[in-house]
Amino acid sequence: VQLQASGGGLVQAGGSLRLSCTASGGTFSHYNMGWFRQAPGKERDFVAAISWSGSSTYYVDSVKGRFTISRDNAKNTVWLQMDNMKPEDTAVYYCAADISGSWYRQATPYEYDYWGQGTLVTVSS
């Protein structure tokens, strides 16, 4: 399974970005998908996850109401819509795939099997 993340960039505080992650080489509709982020010198932190069907989502508290995760299984793509962005959202964002087939709000890196290459998001104040 290969994951290709894109959509990062520079945005002012209060602005919006939409990240995309496209999968190839597997059965995307079977995978739970997640977004993580890693700021310089910090660990990789959970941001959001979506079940294989798209019917369930889960967010870290700091992004609830601002970020939205969604997917289209026909397009093998998951998105992260980020609104009302803050400087503390600055990080490299990674998409990840969990192939377990079971949804239980996977929120740690160890629960994911495949990773994209990361896309840099910078929010200026």
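Please refer to the structure higher up on the page.
Residues numbered from 1 in each chain as written. Predicted model: local features only at pLDDT ≥ 70, side-chain atom pairs only at ≥ 80, totals over all residues. Heavy atoms only, no water.

**Quick look at the overall build of the protein chain**
Part 1 of the argument: On a plain count of helices and strands, the protein chain comes out with 0 helices and 11 strands.
Part 2 of the argument: Counting from the amino terminus, the protein chain carries its helices and strands in the arrangement β-β-β-β-β-β-β-β-β-β-β.
Part 3 of the argument: The C-alpha radius of gyration of the protein chain comes to 13 Å, within 12% of the 14 Å expected for a compact globule of 125 residues.
Part 4 of the argument: Each principal axis of the C-alpha distribution contributes one length, and for the protein chain these read about 40 × 25 × 25 Å.
Part 5 of the argument: Evaluated residue by residue, the protein chain yields a buried proportion of 40% over its 125 residues. (Helix = DSSP H or I, 4+ residues; strand = E, 2+ residues; numbered from the N terminus. Rg over C-alpha atoms; globule rule 2.2 N^0.38 Å. Buried < 20%, exposed > 50% of the residue type's maximum accessible area, 1.4 Å probe, protein only.)

**Concerning the sheet that holds strand E7 (residues 67–72)**
Part 1 of the argument: Reading across the sheet, the 4 strands line up as E1-E3-E8-E7 and stay open at both edges, with antiparallel pairing between neighbours. The sheet is open, and its two edges are formed by strand E1 (2–6) and E7, each paired on a single side. In this sheet, adjacent strand axes meet at a mean angle of 15° when their direction is disregarded.
Part 2 of the argument: Sheet analysis places E1 next to strand E3 (residues 17–24), joined by 5 bridges and oriented antiparallel. Across the sheet, the residue bridging to Ser-6 is Ser-20, located in E3. (Pairing = 2+ DSSP bridges. Axes fitted to C-alpha atoms, helices over the stretch in contact; angles between N-to-C directions.)

**Some words on the nonpolar core**
Part 1 of the argument: Residues Met-33, Trp-35, Leu-80, Met-82 and Tyr-93 are the most contacted members of the largest nonpolar core, which totals 28 residues.
Part 2 of the argument: Looking at this core, the elements with two or more residues in it are E1, E3, strand E4 (32–38), strand E5 (44–50), E7, strand E8 (77–82), strand E9 (91–98) and strand E11 (119–124).
Part 3 of the argument: Counting 5 residues, the second largest nonpolar core, distinct from the first, contains Phe-46, Ala-49, Ala-96 and Tyr-112. (Core = buried A, V, L, I, M, F, W, Y, C linked by side-chain atoms within 4.5 Å.)

By themselves, these are just geometric observations and shouldn't be taken as functional.
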